[in-house]
Amino acid sequence: MSATIVTVSHQNEDLMFEHEHDYVKNQFEATRDCRTSNPFSEWLWGGMQYQLEHHLMPTMPRYKYPALVPLVQKFAKENNIEYRASNELQLLKDNYMLYVDVARAPADPRARESASGLTI
């Protein structure tokens, strides 16, 4: 279960082909929070549901993140930046569908072969 939560909370939103020089804007564009649905889920996610807050303030203790969310949302609104959050099931579905898309994608003929002979 932990690996699933870590994976979906670190799944990048989109491929970024250009470097974003604004660190804060980059975090908003590359991160999504999770809206947990109940106290057990809040506990189970262990702070991973506050990915944007964590990336903006990585040394802040995670028990303070819930109070930070409204401030981050206000900052996003005032600066015309999208604040993204999805519920747990949507995050899991989106992550699964990304893996389906990657698995169905044709192999890149320029890819190197791994030591086992498999193309990576």
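If you're wondering where the values come from, they're calculated on a predicted model, not measured in any experiment.

Draft legend 1. A look at the overall build of the protein. Secondary structure assignment for the protein yields six helices and two strands. In sequence order, the secondary structure elements of the protein are arranged as α-α-β-α-α-α-β-α. Looking at the 120 residues of the protein, the share that counts as buried comes to 27%. If you take every contact in the protein between residues at least 6 apart in sequence, the share linking residues at least 24 apart comes to 54%.

Draft legend 2. Representation of the packing of aromatic side chains in the model. Here the structure, examined in full by the defined rule, presents three aromatic pairs. With centroids separated by 6.2 Å and ring planes inclined at 50 degrees, the aromatic side chains of Tyr50 and Tyr65 adopt a geometry described as tilted. Pair noted here: Tyr50 is in the loop between helix H3 (39-45) and helix H4 (51-56) and Tyr65 is in helix H5 (residues 65-78), with a separation of 15 residues, a long-range link. According to the relative accessible area criterion, Tyr65 is buried, its value standing at 3%.

Draft legend 3. The arrangement of the pattern of salt bridges in detail. Applying the stated criterion across every chain, the model contains three salt bridges. Note that Glu29 is salt-bridged to Lys25, the shortest N-O span being 3.9 Å. With a gap of four residues between them, Glu29 and Lys25 both fall in helix H2 (residues 23-30), about one helical turn apart. Note that Lys74 is salt-bridged to Glu78, the shortest N-O span being 3.8 Å.

Draft legend 4. Structural context of a nonpolar patch on the surface. A grouping of Leu98, Tyr99 and Val102 is seen on the molecular surface, where their side chains present a nonpolar patch of about 270 Å² in accessible area. Tracing the backbone shows Leu98 in helix H6 (residues 88-104). Residue Leu98 is classed as partly exposed on the basis of its relative accessible area, which comes to 31%.

Draft legend 5. Main features of unusual backbone geometry. The phi torsion at Asn80 lies on the positive side, around 55 degrees, for a residue other than glycine. Turning to its location among the elements, Asn80 is positioned in the loop between H5 and strand E2 (85-87).

The rules behind the values
- Residues numbered from 1 in each chain as written.
- Predicted model: local features only at pLDDT ≥ 70, side-chain atom pairs only at ≥ 80, totals over all residues.
- Heavy atoms only, no water.
- Helix = DSSP H or I, 4+ residues; strand = E, 2+ residues; numbered from the N terminus.
- Buried < 20%, exposed > 50% of the residue type's maximum accessible area, 1.4 Å probe, protein only.
- Contact = heavy atoms within 4.5 Å.
- Phe/Tyr/Trp six-rings, centres within 6.5 Å; stacked < 30°, edge-to-face > 60°.
- Salt bridge = Lys/Arg side-chain N within 4 Å of Asp/Glu carboxyl O.
- Patch = residues over 30% accessible without salt bridge, like charges linked within 9 Å, V, L, I, M, F, W, Y side chains within 5 Å.
- Areas by Shrake-Rupley, 256 points an atom, 1.4 Å probe, with all protein chains shown as cover.

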